[in-house]
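# An overview of the molecular structure
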Amino acid sequence: MDKGLSSFIQNLSLNEQQVLRIEAVSSDAFVLHTERHHSFLPGQVVALTNDRKLPPRLYSLCTSPDEQSLGILFNIKPDGLLTPRLAMVRPGDTIFVSAPFGAFLGDRRPAWWIAAGTGIAPFRSMIRSGLGENNMLIHGSRLLEGFYFRDEFTAFFGDRYVPCCSQEHGDGVYSGRLTSWLRAKKSFDPLMQYYLCGSAEMVVEVRDILLEGGVGLNNIMSEIYF
Ligand SMILES: Cc1cc2nc3c(=O)[nH]c(=O)nc-3n(C[C@H](O)[C@H](O)[C@H](O)COP(=O)(O)OP(=O)(O)OC[C@H]3O[C@@H](n4cnc5c(N)ncnc54)[C@H](O)[C@@H]3O)c2cc1C
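### Side note on the overall build of the chain
From N to C terminus, the chain includes 6 helices and 12 strands. Evaluated residue by residue, the chain yields a buried proportion of 37% over its 226 residues. Of the contacts made within the chain by residues no fewer than 6 positions apart, 69% connect residues no fewer than 24 positions apart.

### Some remarks on unusual backbone geometry
Even without being glycine, F149 reaches a positive phi, approximately 60°. Structurally, the position occupied by F149 is in the loop between β8 (136-141) and α4 (150-157).

### Observations concerning the domain arrangement of the chain
In terms of domains, the chain is made up of domain 1 (3-97) and domain 2 (111-224). On the side of domain 2, 13 residues touch domain 1, which itself brings 15 residues to the contact. Per-element accounting of the side of domain 1 that touches domain 2 gives the leading share, 3 residues, to strand β5 (residues 69-75).

### Considering the site of the ligand
Taken together, 20 residues surround the ligand, and among them R57, D79, G80, L82 and T83 come closest. Those elements giving two or more residues to the shell around the ligand turn out to be β4 (57-60) and β5. Here the shell around the ligand is composed, by residue class, of 11 nonpolar, 5 polar and 4 charged. Of the residues that make up the shell around the ligand, three or more belong to each of domain 1 (3-97) and domain 2 (111-224).

### Observations regarding the environment of W181
For W181, the location among the structural elements is in helix α5 (residues 178-183). Measuring from C-alpha to C-alpha, the distance between W181 and I138 comes to 9.0 Å, with 43 residues separating the pair along the chain.

### A look at the pairing of strand β11 (residues 193-198)
Extensive coverage of β11 is indicated by the burial of 5 of its 6 residues. Both strand β7 (residues 111-116) and β11 contribute to a ladder of 5 bridges, which runs parallel. Looking at β11, one finds that I114 is bridged to L196. Here β11 pairs with strand β12 (residues 220-224) via 5 bridges, running parallel. Bridge pairing links C197 to E223 in β12. Crossover connection from β11 via helix α6 (residues 200-212) to parallel β12: handedness right-handed.

### Topic: the sheet that holds β4
Read from one edge of the open sheet, 6 strands run β4-β3-β6-β1-β2-β5, paired in antiparallel fashion. On the outer flanks of this sheet lie β4 and β5, each paired with one strand and no other. Across the sheet, the mean angle from the axis of one strand to that of its neighbour is 45°, orientation sign disregarded. Where strand β1 (residues 15-24) and strand β2 (residues 29-35) come together, 5 bridges link them in antiparallel fashion. For I22, the partnering residue across the bridge sits in β2 and is L32.

### Re the nonpolar core
Core analysis: the largest hydrophobic core is formed by 52 residues, its most contacted members being V46, I72, W113, I114, Y194 and V206. Of all the elements, β7 adds the most residues to this core, at 6 residues. Aside from chain neighbours lying at most four places away, what touches V46 is Y59, L61, L70, V97, S98 and P100.

### Considering α6
Look at α6: 18 Å from first C-alpha to last across 13 residues, which is about the 18 Å you get at 1.5 Å a residue. Turning to α6, its buried residues number three or more, namely M202, V203, V206, I209 and L210. Down the axis of α6, the buried side of the element spans an arc of 130°, and every buried residue falls inside it. Exposed positions of α6 whose direction lies more than 90 degrees from the buried face are A200, E201, D208 and E212.

Thresholds applied
- Residues numbered from 1 in each chain as written.
- Predicted model: local features only at pLDDT ≥ 70, side-chain atom pairs only at ≥ 80, totals over all residues.
- Helix = DSSP H or I, 4+ residues; strand = E, 2+ residues; numbered from the N terminus.
- Buried ≥ 20, exposed ≤ 12 C-beta atoms within 10 Å, placed from the backbone.
- Contact = placed C-beta atoms within 7 Å.
- Domains from an automatic or database assignment.
- Near = placed C-beta within 6 Å.
- Nonpolar A, V, L, I, M, F, W, Y, C, P; charged D, E, K, R; others polar.
- Pairing = 2+ DSSP bridges.
- Right-handed = clockwise from strand over helix to strand, strands pointing away.
- Axes fitted to C-alpha atoms, helices over the stretch in contact; angles between N-to-C directions.
- Core = buried A, V, L, I, M, F, W, Y, C linked by C-beta atoms within 7 Å.
- Expected span 1.5 Å × (residues − 1).
- Arc of directions from axis to C-beta.

Shown next as structure tokens:
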């Protein structure tokens with residue numbers, strides 16, 4: 001991670017607050033709910049840890065600013081320092097959470113939202129905040145169980161929700177990586193906004209596909225989960 005960003009995160013003031021609930025949404029992913037003490041904009045993140053000695057990590061909020069609790073979606077990185085511990089927290093446990101911040105913000109312009117893995121989180125916050133009515137949502141996952149909030153997205157987007165699964169086949173699911181689905185399009189509406197969220201690898205590859213397909217850099221917004 002960039003040194004400046006790392007020291008920015010380490011210096012954020014963290015509020016001590018309680019876990020309200022934690023729900024499993026797949027065999028290795030969870031939505032953790034905690035108290036909401038601030039307003040925020042859909043697409044923003046918080047820094048969070050469950051141990052003052054462990055540097056906080058960033059998490060997109062997956063709930064809307066109108067909801068009483070703050071929700072974050074995370075998956076366990078088996079070699080990770082924080083996420084295996086976070087998966088063990090229980091209601092009433094203490095966690096340490098920053099005020100929300102960040103500039104990956106949705107608006108009412110037509111957009112394609114493109115996410116890999118837990119990068120779907122900000123888009124869930126956006127739809128729950130009244131955004132995205134005519135947008136496309138393209139979600140990539142290795143496994144079918146990684147299509148978090150699938151029912152909610154299907155109900156909201158209908159055919160404009162495109163789950164792309166690279167390692168399993170499923171009804172209503174494109175078989176292949178989301179980048180293959182995008183490559184098959186060849187050209188893209190240059191007036192559309194394109195929001196990319198997830199791993200650096202996915203964001204860089206999708207950005208190149210869009211640029212080759214005639215989209216200008218100013219129409220591409222990225223949130224990289226490092
Ligand atoms: C803006 C932003 C928003 C994010 N939002 C979300 C979100 O909504 N949901 C979500 O799940 N994640 C999100 N992330 C990622 C999240 O911040 C954490 O990086 C992630 O949860 C892993 O945390 P961890 O402590 O378990 O793993 P870490 O301890 O950070 O390790 C992550 C991986 O890197 C490897 N690793 C660690 N140190 C090294 C090293 N020195 N050399 C090589 N490899 C190493 C580990 O083996 C592990 O596989 C976001 C990141 C950013 C930047």
